[in-house]
Amino acid sequence: MINWDRVDELRTEVGEEDFGEVLDMFFDEVTEVLDTLGNGGAEAIRRDLHFLKGSAMNIGLSEVSTLCRDCEINMAEKPDEGIDLGAIRRAFLASRDIIENRSA
């Protein structure tokens, strides 16, 4: 679910003092995107999925990143089939809780 090596690497890169602030900014930005995900057309969804995939990978949320990648692939290969945006939201919320509890 979480790539702890990446989380620890990021903590080292930004410093312990700024790590919480970086997490808060990331979580706020992703929450905003997730709140509107699926409200736009297919191109907006693709753009948001791509953003979420990269952001999640950068912060260490490997499950979220993988789910976004899978949705991107499904949209490209089977554009008439739905994608499970709820799974991305659930994985993000669970990952966020785990990281926040470990960082507290």
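1. Remarks on the packing of aromatic side chains
Taken as a whole and assessed by the stated rule, the structure comprises 2 aromatic pairs. One aromatic cluster is present, built from ring pairs that chain together F26, F27 and F92. Directly above the aromatic system of W4 lies the positively charged group of R102, at a separation of 4.0 Å from the ring centroid.

2. Considering the pattern of salt bridges
Under the criterion given, the structure shown has 10 salt bridges. In this structure, the salt-bridge partner of R46 is E43, at a minimum N-O distance of 3.7 Å. One end of the pair is R46 and the other is E43, both in helix 3 (residues 42-59) and 3 residues apart, which spans about a single turn. Relative accessible area serves as the criterion here: at 55%, E43 is assigned to the exposed category. A salt bridge links K53 to E72; its shortest N-O distance comes to 2.8 Å. You can see K53 sitting in helix 3 and its partner E72 sitting in helix 4 (residues 62-77), a full 19 residues away along the chain. The exposure class of K53 is buried, given its relative accessible area of 19%. One network of salt bridges, with partners in common, ties together D8, R11, E16 and R102.

Rules of the game
- Residues numbered from 1 in each chain as written.
- Predicted model: local features only at pLDDT ≥ 70, side-chain atom pairs only at ≥ 80, totals over all residues.
- Heavy atoms only, no water.
- Phe/Tyr/Trp six-rings, centres within 6.5 Å; stacked < 30°, edge-to-face > 60°.
- Lys NZ or Arg CZ within 6 Å of the ring centre and 35° of its normal.
- Salt bridge = Lys/Arg side-chain N within 4 Å of Asp/Glu carboxyl O.
- Helix = DSSP H or I, 4+ residues; strand = E, 2+ residues; numbered from the N terminus.
- Buried < 20%, exposed > 50% of the residue type's maximum accessible area, 1.4 Å probe, protein only.

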